[in-house]
Structure formats: C-alpha cells, structure tokens
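Structural overview for review
Next come the chains, spelled out residue by residue.
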Amino acid sequence: MRKDVRILLVGEPKVGKTSLIMSLVSEEFPDVVPYRAEEITIPADVTPERVPTHIVDYSEAEQTDEQLDQEISKANVICIVYSVNNKKSIEKVTSHWIPLINERTDKDSRVPLILVGNKSDLVEHSSMETILPIMNQHTEIETCVECSAKNLKNISELFYYAQKAVLHPTGPLYCPEQKEMKPACIRALMRIFKVSDLDNDGILNDNELNFFQRTCFNTPLAPQALEDVKNVVRKNMTDGVCDNGLTLKGFLFLHTLFIQRGRHETTWTVLRRFGYDDDLELHQDYLFPLLKIPPDCTTELNHNAYLFLQSVFDKYDKDRDCALSPEELKDLFDVFPYMPWGPDVNNTVCTNEQGWITYQGYMSQWTLTTYLDVQRCLEYLGYLGYSIITEQESQAASITVTRDKKVDLQKKQTQRCVFRCNIFGASGSGKTGFLQSFLGRNLMHQRTIKEEHKSYYAINTIYVYGQEKYLLLHEVFSDFDVLSDAELSCDVVCLLYDISNPGSFEYCTKVFKQYFMDSKIPCLMIAAKSDLPEARQQYAASPMEFCRQHRIPPPQAFTCNTAATPSKDIFVKLATMAVYPHMSQADVKSSAFWLRASMGATLFAVLGFAMYRVVIRPR
Ligand code: GDP
Ligand code: MG
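A brief look at the structure comes next. These numbers were taken from a predicted model, which means no experiment stands behind them.

**Let's talk about the overall build of the protein**
Each helix and strand counted, the protein has 26 helices and 21 strands in total. Taking 619 residues into account, the globule formula puts the C-alpha radius of gyration at 25 Å, and the protein, at 35 Å, lies well above it. With the C-alpha coordinates of the protein rotated into their principal frame, the extents come out at 105 × 60 × 55 Å. The burial tally for the protein puts 50% of its 619 residues in the buried class. Taken as a whole, the protein presents about 30800 Å² of accessible surface, with 52% of it coming from carbon and sulfur. A gap of 8 Å separates the mean positions of the 65 positive and 79 negative side-chain charges of the protein.

**Looking at the sheet that holds strand E16 (residues 418–425)**
In space, the six strands of this open sheet follow the order E17-E18-E16-E19-E20-E21, with mixed pairing throughout. Unpaired on one side and paired on the other, strand E17 (457–464) and strand E21 (556–557) mark the two borders of the sheet. Pairing of E16 with strand E18 (residues 467–475) involves six bridges; the strand directions are parallel. Looking at the pairing, Arg420 lines up with Leu472 of E18.

**Here we look at the sheet that holds strand E11 (residues 245–247)**
Here three strands make up an open sheet; going across it, the order is E9-E11-E10 and the pairing antiparallel. A single partner strand is all that each edge strand has here, and the edge strands are strand E9 (203–204) and strand E10 (241–242). The pairing of E9 with E11 spans two bridges and is classified as antiparallel. Of the residues in E11, the one forming a bridge with Ile203 is Thr247. Sheet contacts for helix H9 (residues 248–260): E9 and E11; angle to E11, the most-contacted strand, approximately 80°.

**Re the side chain of Lys469**
Relative to the assigned elements, Lys469 resides in strand E18. One buried charged residue, Lys469, remains without a salt bridge, the closest side chain of opposite sign being Glu300 at 7.8 Å. From its side chain, Lys469 meets the backbone oxygen of Arg416 in a polar contact 3.2 Å long. What Lys469 contacts, discounting residues up to four positions off in sequence, is Arg416, Cys417, Phe419, Asn460, Thr461, Ile462, Val464 and Val579.

**Concerning the coordination of the magnesium ion (ligand 2)**
Around the magnesium ion (ligand 2), the protein contributes the donor atoms Thr18 (OG1) and Tyr35 (O), at 2.0 to 2.1 Å from the metal centre. Taken as a pair, Thr18 in helix H1 (residues 17–26) and Tyr35 in the loop between H1 and strand E2 (40–42) lie far apart in primary sequence, 17 residues in all.

**Looking at helix H23 (residues 569–579)**
Most of H23 sits inside the fold, with eight of its 11 residues counted as buried. Where H23 is concerned, the buried positions are Ile570, Phe571, Leu574, Ala575, Thr576, Met577, Ala578 and Val579.

Reading guide: rules and limits
Every residue gets a number counted from 1 within its own chain, in the order that chain's sequence is written. Here chains are named by letter from A upward and ligands by number from 1 upward, in the order in which they appear as written. This being a predicted model, a pLDDT of at least 70 is required before a residue's local features are given, and a value of 80 or more before pairs of side-chain atoms are given or counted; all residues contribute to the totals for chains, interfaces and linings. The basis for the side-chain values is all heavy atoms of the structure; hydrogens and waters are excluded. We count a stretch as a helix when DSSP gives it H or I for four or more residues in a row; a strand needs E for two or more, and each element gets its number in order from the N terminus. Computation of the radius of gyration draws on C-alpha atoms alone. For the globule rule, the value is 2.2 Å times the number of residues to the power 0.38. Burial classification: accessible surface area is computed with a 1.4 Å probe over protein chains only, and a residue below 20% of its type maximum counts as buried, one above 50% as exposed, and the rest as partly exposed. Accessibility throughout is a Shrake-Rupley quantity obtained with a 1.4 Å probe, and a residue counts as covered only by protein chains that appear here. Note on charges: Lys and Arg go in the positive column, Asp and Glu in the negative column, and His and the chain ends are not counted at all. For this purpose, a charge sits on NZ of Lys, CZ of Arg, CG of Asp or CD of Glu. Two strands qualify as a pair provided DSSP detects at least 2 bridges between them. In this description, contact between two residues means that some pair of their heavy atoms is separated by no more than 4.5 Å. Axis lines are fitted to C-alpha atoms, over the contacting stretch for helices. Their N-to-C directions set the angle, which ranges from 0 to 180 degrees. Salt bridge, as applied in this entry: a Lys or Arg side-chain nitrogen positioned within 4 Å of an Asp or Glu carboxyl oxygen. Polar contact is defined as a pair of N or O atoms within 3.5 Å, subject to the rule that within protein one atom must be able to donate a hydrogen and the other to accept it, and that residues adjacent in sequence are counted only when both atoms are side-chain atoms. Coordinating N, O and S atoms are those within 2.8 Å of the metal (3.2 Å for Na, K and Ca), and as water is not part of the atoms, a site may appear to have fewer donors than expected.

Pasting the structure below:
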C-alpha cells in the first residue's frame, strides 16, 4: 500500500475549496478565507486509513497554469469541486476540468477523481441527477459527494473517500459498465479461494472461513456473523452455500457485493494479504523475499516446509494412491500462473507404474528446485500461499541455507541433506541410463522414454549409514567448452565409460586430469554396460591401472540391462563418498573403505581394535 496520499482540490473560483479545507482543519466554518489555503499534512494516526495525507488547495488568482499542471501531476487523487447552486460551475466540470486533468495524466495511470458538490446548505434539491450521467461517462470518477463547508456536512467523509480512492481504488477490481468484477480480480480471488480451501472440497467450511478471516483481518468471525454472511449469500443465489459452507460462486458474489456497497477496502485487504499489489499482480517482495546465499553454501527446505508440502500433496492426492495423476497435478498447479513442471519432471524423479509422480518423487522435485534454483522455489511456494498458511513472515522462512562447505570439510561433519553428483562421460557411454537406474528404471523401461522428455537430472533419496539423504545426479553435456561453477563444485564426481566402446575411457581420463585430479572432490570411475563384452580401451593405461596411479577407487562395474530394477549399491557408494568426503580422501582410495561401507561388521571390528589400543595405552 502507498506510504502517503496527496489530495488536490480544483474547481471554479468561489465554489468553496478553501472553505472546505479550513472547515476540515478547524471543525468550524470560517467566515473569511484567503484565496488559497496552505498545504496541510494530516498525520497518519488521525486519518481513518492510517497514512499521512497532504491536502493541496488551488486558486486561479494566485497560481499560474504551470503551477496547476505540476500539482495535477503530483496528486494521487483530485477533487473537482462545484457549487450545487451554481450551474456554470457544474458545466465546467465536464467542459473544462475533466479534459484538463486527462490531458495531463497517462491514460494507463489516470488519477482517480471525486466530484464534490459544495454548499448543499443553500439548496433543497440534490445535484445528483445532473452528476450521475457524468459519472457514467467517465470511469475515472471514483465517487461523488454533496457536502457543505458551512454546516460541516460530509466534510470528513469527503476526505475519507479521497483517501480510499487512492489506497483502495475500485478501478482494478470492478467494471461499473458491466456491473461485475474484472477478470484479473476474479482470477486472484479464485486463487485465494483455492489456497484457503484447505481440504480441497470446493467449499469453505466454518474452520476454513475462520482461518481466512483471522489471516486477513486478524480477528475471528463471531458464529452469528458467520451465519449472517452465509444467509446473505443464500438469499441471493441458490448455489452460493453448500453443506453449510461457502462455494467459490458464493465467495465471488460476496466480494462483488462488498465492492458494490463501497466496501471495496475489504476486498483489497484480502487481496493484499495474499500478496497482490495495486495491479493485482503478486508482489515481488511476496514471491521473491530477500535471501542471502553466501558462496559455497547450498539451499534446502526445512522441516516446516516439508510438512507444508506434504499437506499440499495430501490435499490434491484425492484418491489417496500416493501419486499425483495428471488431473491431480493440474489441480495442484491451478494456483500458478503457468504449469511449472513439464514432462521431463517425470523422468527426473520416481514415478509409479502409470508414470505418475509419487509422493517421494514430488518431494524430490521440490528438493531439486530448492537446491538448483531457490528463487524459483520461493516463487512456487508463494503461489501455494506457504507464508500465509503456515503463518510465517515470508516464503524465505522455508529455506535452510547450509553452512559453508569448507567448514563442513574442516570439521569433518555436515548437517546437509542434499548432495550433488556430476556425471561425466563421452556421448553414448550410458550416462542417461545411469541416471534412470537411480529412479529404479531398467533399460527396457528407459527405451519407452521420449527423447524430448529426457532429463539431465535425477534425484532420489538414499540411506547413508541409516540416515536418509537426497542424492542429486546431474548428467554433464559431453561436448562442453567450459564447465560452470556448479559443474565443478559438486560433492562427488562420476566418470563413466562404456566397457564395450574402446574409445570411451580416454574421455574420462581427460576430464579427470583437466578438472578433478587436484581438487578435493571425491571421484568414482564407473564401468558402464558391464553386461556387454569388454573391449580393450585405447589408452596407455588400463582403467584399473589408471585408477591405481591416481589413487581413486577401482572402476565399478554397472549395468542397467537387468530384468528387475537395477541395483542401488553404486548409488549408496556415491552418496557415502559425497556425505563423507574426508573419509574418501584418506580411506576411499584403499579397499578398506569399501569393506567398511558395505559391511557394518568390519566397521565395528575396526572400531573395536581402536578401542583396544586406547585401553592398553595408559598402562
Ligand atoms: P474557493 O474560491 O473555491 O476557494 O471558495 P472559498 O472557500 O473562498 O469560498 C467562496 C465563498 O463561498 C465564501 O464567501 C465562502 O464563505 C462561501 N462558502 C464556502 N463554502 C460554503 C458552504 O458550504 N455554504 C455556503 N453557504 N457558503 C459557502
Ligand atoms: Mg480559494
């Protein structure tokens, strides 16, 4: 909302502009007034809308046309004053003042106008008959009011309407010609309805209405008031109330009613609470709250955010099959201005037999977005109304920024839950197959995936020493010119070659030597397509020798050409190396690490030996 309001009064001489201002300020009619009142500022706390308000007078006798132009362009709302007993001053409203103001303001950002008929104490009849046709002709006229500076009639109302015209304009909400809300307003209210309909049954029940009321207006609705609201709707339409709750139709009807009764500030309060700005777009501050991410830190969703996303999943998984059908997914993203997930998402995360995203897959995709593009994640959470439903300050409350990875390495421990593995390999060496295997898909299944629906990412959960972690696999395009920072600074590197293709190993050696030989990032060599006959690699050293020379673990045989789902062992190894990089620095290169990682018993044996030494040393 605006920080202040500037009201300008214009009109023919002697209609009472200066008297109106003086009457407002002194609460009595001044017998003698100057040509022009000084600009006055009413402090925020004494105005009804709690914003500082400047009131500016105009006098033809004291001001030039240039000065008038300047004031018009500075004003947020303009009151055109006429005198109800002076026909000429009414004529001038349309013949002079409205055209003059319109010439000086943009067509798209017209200032709202208020027609003010002063000196109502002097006449018996009202000027409304003459004024209403003018109002119908000029939609920029927000409202009209008859008042008297002498009787102090409608003076404070006049300034309140002026303030309201600026702070809660009807223009974006309502079309007076059609007598209905504008499409953008309906769209916004539909989203608000959907977000507030927590159980997604298409009806706001008493609980949901109370929550809505509390979020928007900070006070619960008395049970009787709730009934009254529903009764008003019932009286006006047949399907506005259903099962004692408000339907979307009823909800929209209520807002139309508010606006038609001049209570559009109610609708504005609702819209603003749900993040909308004066143009009925979601506010940038709402969608993209400030979130600082220092270098070498990653972004993850915190526990509260996962709980919220779980509730969203449950809300839309109507058949409770723990997966989102295309219709359910469409329903979920109905509150978005666009469909955020394309068909590639189905090949980035786990799906069920029908190819629908499962609960696990859904959570994985959110985790991926948070990790790769936290701004986008904040935006998405904004559409879902995260900060409103969870009563948080902003969408940023959903994010954990992890500590600097260098500190993790130094302290040899990490609180992180998401780890990134980049996969390098010559074209056709089996990278995509490797990614898809992580989602439990064998070669047969992979052949059904359309080329345009393929993904360069795969994310899934995996257990590392009993703790659930997310492992994010990223296939690096083989023909790269330069590697981005993200591609260089992952948690573990996979170098993958095709054992049946003699030319494929050399690619891995090149990438390794150029980028990772001297880095601290653990590397693992994957001998892919191990179901095929092995060819001799055209490289000076054999893969086994190369790994030994460079102190990296020996090549790991891998195949996704399996009858059942491919084995997960290799991914456990990768995740373990990613979570415990210090171990891999010292131990991974020796085979002892692998024994420990794969066999718990060996780990205990090693520990037991260490304890034995500690115990005997003091003697
Ligand atoms: P301005 O030129 O538009 O600023 O008009 P003024 O405030 O100077 O008022 C012009 C004359 O109209 C003065 O003599 C005022 O006393 C008188 N006047 C202003 N408001 C009213 C009103 O509400 N009723 C009556 N009867 N006279 C008014
Ligand atoms: Mg004056």
